[in-house]
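The primary structure of each chain is shown beneath.
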Amino acid sequence: AFLQAQEAKQGFPTALLQLIAADQISVHVRQAASVLLKNMAKRKWDDFVESDKVQLKQVVVGVMLSSPIVVRRQLSEVLAIIAESEYPQRWPQLLPELAQKLMEMVGSTALQTNATAASGHSVSPEALQTSSLIAAN
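Residues numbered from 1 in each chain as written. Predicted model: local features only at pLDDT ≥ 70, side-chain atom pairs only at ≥ 80, totals over all residues. Heavy atoms only, no water.

## Observations regarding helix 3 (residues 27–44)
Phase 1: In this model helix 3 runs 25 Å from its N-terminal to its C-terminal C-alpha over 18 residues, within 8% of the 26 Å that 1.5 Å per residue would give.
Phase 2: Residues of helix 3 that are buried: Arg 30, Ala 33, Ser 34, Leu 36, Leu 37, Lys 38, Met 40 and Ala 41.
Phase 3: In this structure, the buried residues of helix 3 make contact with helix 1 (2–7), helix 2 (12–21), helix 4 (50–65) and helix 5 (69–86).
Phase 4: Sitting at the amino-terminal end of helix 3 is Ser 26, which places a side-chain oxygen 3.2 Å from the backbone nitrogen of His 28. (Helix = DSSP H or I, 4+ residues; strand = E, 2+ residues; numbered from the N terminus. Expected span 1.5 Å × (residues − 1). Buried < 20%, exposed > 50% of the residue type's maximum accessible area, 1.4 Å probe, protein only. Contact = heavy atoms within 4.5 Å. Polar contact = N/O pair within 3.5 Å; in protein donor to acceptor, adjacent residues only side chain to side chain.)

## A look at the packing of aromatic side chains
Phase 1: Taken as a whole and assessed by the stated rule, the structure comprises one aromatic pair.
Phase 2: Residues Trp 45 and Phe 48 carry aromatic rings whose centres are separated by 5.0 Å and whose planes lie at 50° to one another, so their mutual orientation is tilted. Grouping residues by exposure puts Trp 45 and Phe 48 together as buried. (Phe/Tyr/Trp six-rings, centres within 6.5 Å; stacked < 30°, edge-to-face > 60°.)

## Quick word on the nonpolar core
Phase 1: In terms of nonpolar packing, the biggest core is built from 25 residues, with Leu 17, Ile 20, Leu 37, Leu 75 and Leu 79 touching the most fellow members.
Phase 2: In this structure, Leu 17 is in contact with Leu 37, Leu 56, Val 59, Val 60, Val 63 and Leu 75, ignoring residues within four places of it in sequence. (Core = buried A, V, L, I, M, F, W, Y, C linked by side-chain atoms within 4.5 Å.)

## Quick word on the pattern of salt bridges
Phase 1: As enumerated under the stated definition, the model contains six salt bridges in all.
Phase 2: Linking Glu 86 and Lys 57 is a salt bridge whose minimum nitrogen-to-oxygen distance equals 2.8 Å. With Glu 86 in helix 5 and Lys 57 in helix 4, this pair connects stretches of sequence that are 29 residues apart.
Phase 3: Since its relative accessible area comes to 7%, Lys 57 is described here as buried. (Salt bridge = Lys/Arg side-chain N within 4 Å of Asp/Glu carboxyl O.)

This is the structure in structure tokens:
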């Protein structure tokens with residue numbers, strides 16, 4: 001009953017996302033918050049206050065990509081729910097932002113792979129192949 005009362009309040013979805021993004025919070029709490037946010041978005045995305053919608057769209061991709069996998073799975077569903085309603089008309093920056101963040105992640109992975117190779121530590125053939133593919137692009 002308490003959570004249902006909170007769901008109707010302006011700022012609650014944004015507060016949930018801030019909790020989810022907080023690295024110092026237990027992953028289990030972050031996962032529970034992400035499940036709640038996903039269920040809220042499924043039930044009532046259209047009823048969210050516009051300011052909450054704007055804030056969620058601004059940060060959900062970054063939070064999703066920097067979260068542990070159990071949280072990322074939930075946030076990817078949140079992203080899909082929002083995109084179904086908002087993209088492309090009310091969220092044209094979604095694909096450019098996703099592409100940019102993913103390229104940053106790929107670049108970071110390539111740097112880590114190259115740093116590991118340069119340090120003399122063993123590198124798997126798969127990592128070398130990935131690094132070569134990244135370098136080729």
